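In case you want the letters, here they are:
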Amino acid sequence: MVSFIGIGIGIGIFSSSYKLEASNSQLLLISGGPLAVNWFNDFYKHIADSPLSHWLEVLPAQIASWQKEQQHGDFTKWIKLLSKLPEITPSSINLQNKVEFGHASDISEYAQKQVVGLLKQFMPWRKGPFHLFGIHIDTEWRSDWKWDRVQPHIQPLKNRYVLDVGCGSGYHMWRMLGEEAKMVVGADPSQLFLMQFQAMKHFNTDSRIHLLPVGVEQLPELKAFDTVFSMGVLYHRRSPIDFLYQLKNQLRKGGELVLETLVVEGNETTVLMPGERYAQMRNVWYLPSTAALTLWMQRVGFKNIRVVDVAPTSLEEQRATQWMDGQSLSDFLDPNDQSKTIEGYPAPLRAVLVAEC
Ligand SMILES: C[S@@+](CC[C@H](N)C(=O)[O-])C[C@H]1O[C@@H](n2cnc3c(N)ncnc32)[C@H](O)[C@@H]1O
């Protein structure tokens, strides 16, 4: 049973076990269970009258079961941290050539330090960078460089329904919004990424952008999006052909797939399956050549498939920073030969492919 315990902006909320300052969220207490958030109701409302409306047949139940059963051990701590973010409206929003909310002059020095302290508790920050009231969240990845390789080759996003499968913290979603998409939806099961996204959304409550904590395998066949992105996910999938079908099933006829993944050099018959680890990552399954990947996409039924970019990942694009102070790419490459991973495989090479449904 779910009991509603509080609503609204800046209202103090008390229950037997929690005292929280609600910010841009509503809170629910599932009796006998964990604290839950109500971030997704706004999304349900927005899609009710849209080509995505049939998602409502399954999504609310999936989210309810996620709230009940799958909360991360730090979930309550994270919600408390989010609720402490100050209520400040940024004087400007820039999503065109970076993700920037507000300037240092919008905020006191004290509040700026407070925001840094709170956001650092969501480390590691991997995907970004974000600029918030003069704070530079210098993430492990220069995700903006990936966007610069992708964006020139895709259909304009203006007025399109856009899905980003495996969206991480949502960096690229904000850039998609900057291209005037009608609605941007991210699907990613990582709860830390969801918190990082909600931290940014706290300062920009735009109702056209939503991150849902669901995996690709939970998506029904919506056949409704104008553009589907999936960047940095295919090599993590045990069954990449099924994954391509899942992506295709989200697109309307004539819609566009934008796929970015690790590849290797080679021809139609070349696919690398690494051993237990690739560049220290455990969950890497298939690295096809661009020719093999093109063939996979043809077999799945995509048309007009184009390889629009191939680029090695540089040590400047993925590196440790003050916001991600663990190991990074330089630790994952062979110290004597940076063209190889530490396991002896070809170093990371990434391709962008664009295709039509
Ligand atoms: C390498 S990151 C890529 C993030 C971002 N798209 C980018 O290009 O920078 C891979 C992402 O896939 C997400 N992921 C893992 N399993 C997934 C699943 N079953 N469905 C959707 N996303 C998944 C991870 O949580 C992670 O955010």
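Source: prediction; values computed, not measured.

The strand order across the open sheet formed by four strands is E6-E7-E9-E10, and the pairing between neighbours is mixed. Sheet topology places strand E6 (93-94) and strand E10 (135-137) at the edges, where each strand pairs with a single neighbour. Looking at chain direction, strand E7 (residues 100-101) and strand E9 (residues 130-132) are connected through two bridges and run parallel. Along E9, the bridge assignment pairs Glu-100 with His-131.

Attention shifts here to the sheet that holds strand E12 (residues 161-165). Taken in spatial order, the seven strands of this open sheet run E14-E13-E12-E15-E16-E22-E19, and their pairing is mixed. Looking at which strands have only one partner, the edges of the open sheet turn out to be strand E14 (209-212) and strand E19 (303-312). Averaged over neighbouring strand pairs, the angle between their axes works out to 15° when direction is ignored. Where E19 meets strand E22 (residues 349-356), seven bridges bridge the pair, whose relative direction is antiparallel. Looking at the pairing, Val-310 lines up with Ala-351 of E22. Set on the sheet, helix H5 (residues 143-150) makes contact with strand E15 (225-231), strand E16 (251-263), E19 and E22; between it and E15 the angle comes to about 130°.

Taken together, the neighbourhood of the ligand is formed by 18 residues, with Lys-146, Gly-166, Asp-188, Val-216 and Met-231 sitting nearest. Contact between the ligand and Asp-188: an oxygen atom at 2.6 Å from a side-chain N or O atom of the residue. In the complex, 85% of the free accessible area of the ligand, which totals 600 Å², lies under the protein chains. Taken together, the residues of the shell around the ligand sort by class into seven nonpolar, six polar and five charged.

Quick look at unusual backbone geometry now. Of note, the amide linkage connecting Met-123 to Pro-124 takes the cis form, showing an omega dihedral of 5°. You can see Pro-124 is positioned in the loop between helix H4 (109-120) and strand E8 (127-128). With an omega of 5°, the peptide bond between Gly-128 and Pro-129 qualifies as cis. Its place among the elements puts Pro-129 in the loop between E8 and E9. Located in the positive-phi region is Lys-223, a residue other than glycine, with phi close to 45°. Within the secondary structure, Lys-223 is located in the loop between E14 and E15. Residue classification places Lys-223 among the partly exposed positions, given a relative accessible area of 47%. We note that Ala-279 has phi near 45°; this positive angle belongs to a residue other than glycine. Its location among the elements puts Ala-279 in the loop between strand E17 (271-272) and strand E18 (287-288). For Ala-279, a relative accessible area of 4% puts it in the buried group.

The next point concerns the pattern of salt bridges. Counted by the stated rule, this structure contains 16 salt bridges. In this structure, the salt-bridge partner of Glu-109 is Lys-113, at a minimum N-O distance of 4.0 Å. Here the residue Glu-109 and the residue Lys-113 both occupy positions in helix H4, the gap between them amounting to four residues, near one helical turn. Judged by relative accessible area, which is 62%, Glu-109 ranks as exposed. The partner of Arg-282 in a salt bridge is Glu-276, with the nearest N and O atoms 2.7 Å apart. Each member of the pair Arg-282 and Glu-276 is classed as exposed.

We now examine the side chain of Ser-328. The residue Ser-328 is located in the loop between E19 and helix H10 (329-332) in this model. Apart from residues lying up to four places away in sequence, Ser-328 is in contact with Glu-140, Gln-318, Arg-319 and Ala-320.

Thresholds applied
- Residues numbered from 1 in each chain as written.
- Predicted model: local features only at pLDDT ≥ 70, side-chain atom pairs only at ≥ 80, totals over all residues.
- Heavy atoms only, no water.
- Pairing = 2+ DSSP bridges.
- Helix = DSSP H or I, 4+ residues; strand = E, 2+ residues; numbered from the N terminus.
- Axes fitted to C-alpha atoms, helices over the stretch in contact; angles between N-to-C directions.
- Contact = heavy atoms within 4.5 Å.
- Near = heavy atom within 4 Å.
- Polar contact = N/O pair within 3.5 Å; in protein donor to acceptor, adjacent residues only side chain to side chain.
- Areas by Shrake-Rupley, 256 points an atom, 1.4 Å probe, with all protein chains shown as cover.
- Nonpolar A, V, L, I, M, F, W, Y, C, P; charged D, E, K, R; others polar.
- Buried < 20%, exposed > 50% of the residue type's maximum accessible area, 1.4 Å probe, protein only.
- Salt bridge = Lys/Arg side-chain N within 4 Å of Asp/Glu carboxyl O.

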